[in-house]
Amino acid sequence: MAKLNRKQIEDATRAVLERHPGGVRWAEVLKAVSAEHPETPPNSIRGATHHLFQRGEGIVKIARGTYQLARFADADAAEAVAQDDAIAAEPVVVENATTDPASLSERDFYASFAEWLEENDEVTVAGALGGSVLGGKWGTPDVIGVLKPRAQDIFKFEPQIVTAEIKAAPGQPVVAFGQAVAYRLFSHKSYIVVPRTTTSDDMNRLTSLCSIHGVGLVVFTLDRNLPDYSVIVLPAVANPDMFYVNTMLDRLKTSEPRLLNRLF
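Residues numbered from 1 in each chain as written. Predicted model: local features only at pLDDT ≥ 70, side-chain atom pairs only at ≥ 80, totals over all residues. Heavy atoms only, no water.

When helices and strands are tallied, the protein chain shows nine helices and nine strands. For the protein chain, with 264 residues in total, the buried portion stands at 47%. Considering only residue pairs separated by 6 or more positions, the protein chain has 60% of its internal contacts joining residues 24 or more positions apart. Accessible area for the protein chain stands at about 13600 Å²; split by element, carbon and sulfur atoms hold 54% of it. (Helix = DSSP H or I, 4+ residues; strand = E, 2+ residues; numbered from the N terminus. Buried < 20%, exposed > 50% of the residue type's maximum accessible area, 1.4 Å probe, protein only. Contact = heavy atoms within 4.5 Å. Areas by Shrake-Rupley, 256 points an atom, 1.4 Å probe, with all protein chains shown as cover.)

For the rest of this paragraph, the subject is the packing of helix 1 (residues 6-18) against helix 3 (residues 42-55). The interhelical angle for the contact between helix 1 and helix 3, taken along N-to-C directions, is 70 degrees, at an axis separation of 9 Å. Between helix 1 and helix 3, the angle falls in the class roughly perpendicular. Considering how the two elements wind past one another, helix 1 and helix 3 form a crossing that is right-handed. Across from Arg6, Ile9, Glu10, Thr13, Arg14 and Leu17 in helix 1, the residues of helix 3 making contact are Ser44, Ile45, Gly47, Ala48, Thr49, His51, Leu52, Phe53 and Arg55. Looking at the contact of helix 1 with helix 3 residue by residue, the classes come out as six nonpolar, five polar and four charged. (Axes fitted to C-alpha atoms, helices over the stretch in contact; angles between N-to-C directions. Parallel < 35°, antiparallel > 145°, perpendicular 65-115°, else oblique. Left-handed = near helix turned anticlockwise from the far one by under 90°. Nonpolar A, V, L, I, M, F, W, Y, C, P; charged D, E, K, R; others polar.)

With that settled, consider the pattern of salt bridges. Where charged atoms of side chains with opposite charge meet at close range, the side chains can pair. As enumerated under the stated definition, the model contains 14 salt bridges in all. Across the salt bridge formed by Arg64 and Asp241, the nearest N and O atoms sit 2.6 Å from each other. Residue Arg64 is found in the loop between strand 2 (59-63) and strand 3 (66-69), and its partner Asp241 is found in the loop between strand 9 (230-233) and helix 8 (242-255); the two are separated by 177 residues along the sequence. Residue Arg64 is classed as partly exposed on the basis of its relative accessible area, which comes to 46%. Its salt-bridge partner being Arg196, residue Asp228 comes within 3.6 Å of it at the nearest N-O pair. Here Asp228, found in the loop between strand 8 (216-220) and strand 9, pairs with Arg196, found in the loop between strand 7 (189-195) and helix 7 (200-213); they are 32 residues apart in sequence, far enough to count as distant. Under the relative-accessibility criterion, Asp228 is labelled partly exposed at 49%. Where salt bridges share partners, they join Glu10, Arg14, Arg55 and Glu57 into one cluster. (Salt bridge = Lys/Arg side-chain N within 4 Å of Asp/Glu carboxyl O.)

With that settled, the discussion passes to the environment of Tyr183. Tracing the sequence through the fold places Tyr183 in helix 6 (residues 173-183). In this structure Tyr183 comes out as buried when scored by relative accessible area, which is 0%. Each C-alpha atom of the pair Tyr183 and Thr163 lies 6.9 Å from the other, and the pair is 20 residues apart in sequence. Polar contacts involving the side chain of Tyr183 include one to the side chain of Glu165, which spans 2.7 Å. (Polar contact = N/O pair within 3.5 Å; in protein donor to acceptor, adjacent residues only side chain to side chain.)

Below is the structure:
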């Protein structure tokens, strides 16, 4: 067989991506195309795939050196968004509540926790996001804020991104922890915010896990007017991965440009 031209290499690359709906590393793509077309020089395959990945055209970079067909990425994001939205909108049953339980959900606490972060000087500015804004497999923080140096500060530090995952349903601490840890990919500090009605067993586990992994833990009362946020574990400052920081900010620029301008 004759060696492939650039267009044929690109078609072969897309065929490999088609067989890997969850995404595949560039090195594996090169290996697969080379194995199927040994008559084509490896450098030609590398150059053509690099050019294709740089152009995009229905292909997205989902992690360092890992690519996926855009339609598969969109399907993954839509599934994650649907799950997050369903949880965020789920009514929370509160015993002896003055608020109608049917009208209370975790979304009721996004804005007040953003204000709490600002009032406690954890951030300079914060805003609510919620499940459907950023999409992607890693989900979207419920609240995002940025701590920036003030004009009067003598020491000018680099801005720090702060994120939070809020769960109003007492039975979701494991979900909250997993998401908060994932947010450390693109944030300097990450918080879990759970109700005081969380069982003591779950709270003990959360406290230990947060202390080990540097995630902040905050408890609150299921009362939208008086949530009374209180810190159990302070978050450790992490060094986020700049690839994921810029990926997150690029999505934020597309979906919430006004919030991005407020934050930065």
